[in-house]
Amino acid sequence: MRVYLVVMDETEEAKRALRFASLRAYKTGGSVHILALVPQQTFNAFGGVQATIEQEARDRAEVMANSAAGNIFGEMGKMPTIAVRPGPPADVIRKYIEEHGNIAALVLATSAEGNSGPLVNHFAATAGNLPCPLYLIPGGISKDELDALA
C-alpha cells in the first residue's frame, strides 16, 4: 500500500500538502501518515517548567494533527495515521521514513510567495539521499488545479 507522509503544522503549505496527499492516497488506494513535530525547547534551568513547556508543545501538536486527521476522514472516509515526535525536524522526518519502510513519498508544499520554509529547502537540496520520492506541491496552485493534479 502506498503511504504518503505529510509533515503537519499550522501553515497553509502544510494544509496544501495534506490535501494533495489525501487525494492521491484516495485515488491510489493508499493511506496518509501525518507527522507533527514538537518544536525543540531551549534549555531551561528549572526542570518542572521545562517539562511543562514541552508537554504543552506536544499537546498543541497532537490537537493540530488530530484536527487535520478529522478533516481527512470527513472528506475521504479513511483515518490517517498520526505521529507526534520531538526533535530536530529533518532528523525526525528521516528517522520516521526509515522506521516505516512503506513510505511512498514525502509530501511538502512550497510557499506561494517568497522563500519556502526550512524543510522544503533542506529536503529539496538532499532529495537524492531519500529512500522515497519527494513531492513538492506548488504554493501558488489553486484548489481546483491541486485536485486535478492529485
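Here the structure is shown first, and the text comes after it.
What you see is a predicted model, and the numbers here were worked out from it, not measured in a lab.

About the criteria used
- Residues numbered from 1 in each chain as written.
- Predicted model: local features only at pLDDT ≥ 70, side-chain atom pairs only at ≥ 80, totals over all residues.
- Heavy atoms only, no water.
- Pairing = 2+ DSSP bridges.
- Helix = DSSP H or I, 4+ residues; strand = E, 2+ residues; numbered from the N terminus.
- Axes fitted to C-alpha atoms, helices over the stretch in contact; angles between N-to-C directions.
- Contact = heavy atoms within 4.5 Å.

Ordered by their spatial adjacency, five strands build an open sheet running 3-2-1-4-5, and the pairing between neighbours is parallel. The sheet is open, and its two borders are formed by strand 3 (81-86) and strand 5 (134-137), each paired with just one other strand. Direction aside, neighbouring strands of the sheet carry axes that sit 25° apart on average. Relative to strand 2 (residues 31-38), strand 1 (residues 3-8) runs parallel, the two being bridged by six bridges. When the bridges of strand 2 are listed, L5 appears paired with H33. Against the sheet, helix 3 (residues 89-99) engages strand 1, strand 2, strand 3 and strand 4 (103-109), with an angle of about 145° to strand 2. Here helix 4 (residues 118-125) sits on the sheet in contact with strand 1, strand 2, strand 4 and strand 5, set at roughly 130° to strand 4.

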